[in-house]
Each structure stands twice: as structure tokens, then as C-alpha cells.
Amino acid sequence: MGQRNERLRWQLVSGLLTALHLERLAERYSRKSVMAGFSLINGGLSIALVSFVALVTQEAFIFPSLGATAFILFHVPLAEPASPRNTLCGHFVGAAMGLLSLYVFGLQNQPSAFLSGVDLARVGAAALSLGLTGCLMVLFRIAHPPAGATALIVSLGLMPDPAQLPVLMAGVSLLLVHAFVMNRLSGIPYPLWSVRKSIPDAGAASRT
């Protein structure tokens, strides 16, 4: 699996270099250097794009867990957690459980933990939000690790307004559009919604 992901990452980088007529970079520098440079530029571009929209609209399109999402979308693009289904549903569940936890512990109108400090109610909200998020991601098979951070961001009071949920999801969607364009441009079959499940070999299954 590790070698397959490594091949996919190189396919992404080399495909984009070819599309941009920058093949000489791959000949001049080592593969590791080229891939590291790509991560530097593409990761920065992804977040800069979302941040610019946040600047223009003055809405909270950008939030910390998007950084981890961006890394997953380009580092392991065909892994199930990187699919649009898992990414969108995972962040939605994380944000929704964070909001639910705020209401359960009566913190919906309180300042964030970074302003008022952490008390027992905030500990409970953080624990409940992350626990519920993990539980639902397992139940619905929508694992996306950065969604756990989204749950904590909300339950710690950084995004306590339910009206911010559509804006949050718009930021995730914008990042997914960028990932789709970049991956498809390089020839990687990034899914429109979910990763296709490979059908196990019946003969191999019977031998185990």
C-alpha cells in the first residue's frame, strides 16, 4: 500500500509537471526534492485559495482542520478517507457533533475556551464531540481523521454558531474541487464521490 501511494504521488507530481511543460525539473532534481517542492506549493495554494475566499466574503471558510484534509487529499488521493464522500460527511458529522455538545453542556453562548479557559463543562463538550464523531464515522463508514479536529474546533467554542455550518462545508467543498482538478489533471482517477471497492478474490478468501 505504501509503494502504491508513493507511485500515485509521483504520478500526480509528474503529470502536473508535464501539463505545465516543466518536465525538466524532474530531470534536474531528485524525486524526493520535486515531491517536497510540490507539497510546499500545492499545500500553500490549497489553503491560500480558501483563505482568499474567506477574505473576500469575510466568512469563516478557513479553519485549522482543513490543513490536514488538504494533506490527505493530495498525499493519498485514492484512499477512502480522501474521497469526497468521507471528507464532506466526516466534516459535517464533526461540526454537527461539536454543536450538539455545546448545547448539551449549555455552552452555546459562552466565549471560547481560548478566551475563558477550560472548565468541566468544556471538558465534557470536547470529550462528547470527539466520541460521537468517531462513533458515527465508524457506523456510517465515513472515516476522515481531520473531522475529529473539526469536532474539537466547534466544541471548544471557535465556531459556535449553527449558521457557520454551511460556510464551513463550503470551505471543505472548495478544497475538494481543487483536489479533483489537480488530481484529474495529472491523470489520477480521483473519485466524484466515493472510492470503488475492489471485489475480493473468492478463491483467495476460501483458502484463508
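Residues numbered from 1 in each chain as written. Predicted model: local features only at pLDDT ≥ 70, side-chain atom pairs only at ≥ 80, totals over all residues. Heavy atoms only, no water.

## Section: the nonpolar core
Item 1. Formed by 41 residues in total, the largest nonpolar core has its most connected members in Val13, Phe63, Leu73 and Leu168.
Item 2. Sort the elements by how many residues they give to this core and helix α9 (residues 164-185) lands first, with 9 residues.
Item 3. What leucine 168 contacts, discounting residues up to four positions off in sequence, is Ala60, Phe63, His91, Ala95, Thr150 and Met159.
Item 4. With 6 residues, the next largest nonpolar core counts Ala96, Met137, Ile142 and Ala147 among its residues. (Core = buried A, V, L, I, M, F, W, Y, C linked by side-chain atoms within 4.5 Å. Buried < 20%, exposed > 50% of the residue type's maximum accessible area, 1.4 Å probe, protein only. Helix = DSSP H or I, 4+ residues; strand = E, 2+ residues; numbered from the N terminus. Contact = heavy atoms within 4.5 Å.)

## Details of the packing of helix α5 (residues 84-104) against α9
Item 1. Taken N-terminus to C-terminus, the directions of α5 and α9 make an angle of 160°; their axes are 10 Å apart at the nearest point. One way to sum up the angle between α5 and α9 is to call them roughly antiparallel. Relative to α9, α5 is oriented so that their crossing is right-handed. Together, Pro84, Thr87, Leu88, His91, Phe92 and Ala95 of α5 and Leu165, Leu168, Met169, Val172, Ser173 and Leu176 of α9 make up the contact between the two elements.
Item 2. Here the contact of α5 with α9 is composed, by residue class, of 9 nonpolar, 3 polar and no charged. (Axes fitted to C-alpha atoms, helices over the stretch in contact; angles between N-to-C directions. Parallel < 35°, antiparallel > 145°, perpendicular 65-115°, else oblique. Left-handed = near helix turned anticlockwise from the far one by under 90°. Nonpolar A, V, L, I, M, F, W, Y, C, P; charged D, E, K, R; others polar.)

## Some remarks on the side chain of histidine 178
Item 1. Summarising the element assignment, histidine 178 is placed in helix α9.
Item 2. According to the relative accessible area criterion, histidine 178 is buried, its value standing at 10%.
Item 3. The contacts of histidine 178, once residues within four sequence positions are left out, are Asn42, Leu45, Ser46, Leu49 and Phe74.

## Quick word on the confidence of the model for the chain
Item 1. Overall, the predicted model of the chain reaches an average pLDDT of 88, with 93% of residues at or above 70.
Item 2. pLDDT under 50 marks residues 199-208. Its contacts with residues more than four places away, or in other chains, come to 1 contact. (pLDDT = per-residue confidence, 0-100.)

## Topic: the packing of helix α7 (residues 120-139) against helix α8 (residues 146-155)
Item 1. In contact at an axis separation of 9 Å, α7 and α8 are set at 150° when each is read in the N-to-C sense. The pairing of α7 with α8 is recorded here as roughly antiparallel in orientation. For the pair α7 and α8, the crossing hand works out as right-handed. Note on element contacts: α8 touches α7 through Ala147, Gly148, Ala151, Leu152 and Ser155, opposite Arg122, Ala125, Ala126, Ser129, Leu130, Thr133 and Met137.
Item 2. Each residue belonging to the contact of α7 with α8 can be placed in one class, and the counts come to 7 nonpolar, 4 polar and 1 charged.

## Considerations on a nonpolar patch on the surface
Item 1. A grouping of Leu20, Leu22, Leu25 and Tyr29 is seen on the molecular surface, where their side chains present a nonpolar patch of about 370 Å² in accessible area.
Item 2. On the secondary structure map, leucine 25 appears in helix α2 (residues 23-28).
Item 3. When its relative accessible area of 36% is taken as the criterion, leucine 25 is described as partly exposed. (Patch = residues over 30% accessible without salt bridge, like charges linked within 9 Å, V, L, I, M, F, W, Y side chains within 5 Å. Areas by Shrake-Rupley, 256 points an atom, 1.4 Å probe, with all protein chains shown as cover. Salt bridge = Lys/Arg side-chain N within 4 Å of Asp/Glu carboxyl O.)

## As for the side chain of threonine 87
Item 1. Relative to the assigned elements, threonine 87 resides in helix α5.
Item 2. Classification of threonine 87 by relative accessible area gives buried; the value is 0%.
Item 3. In this structure the side chain of threonine 87 is engaged in a polar contact, spanning 2.8 Å, whose partner is the backbone oxygen of serine 83.
Item 4. The contacts of threonine 87, once residues within four sequence positions are left out, are Thr69, Leu73, Pro81, Ala82, His144, Val172 and Leu176. (Polar contact = N/O pair within 3.5 Å; in protein donor to acceptor, adjacent residues only side chain to side chain.)

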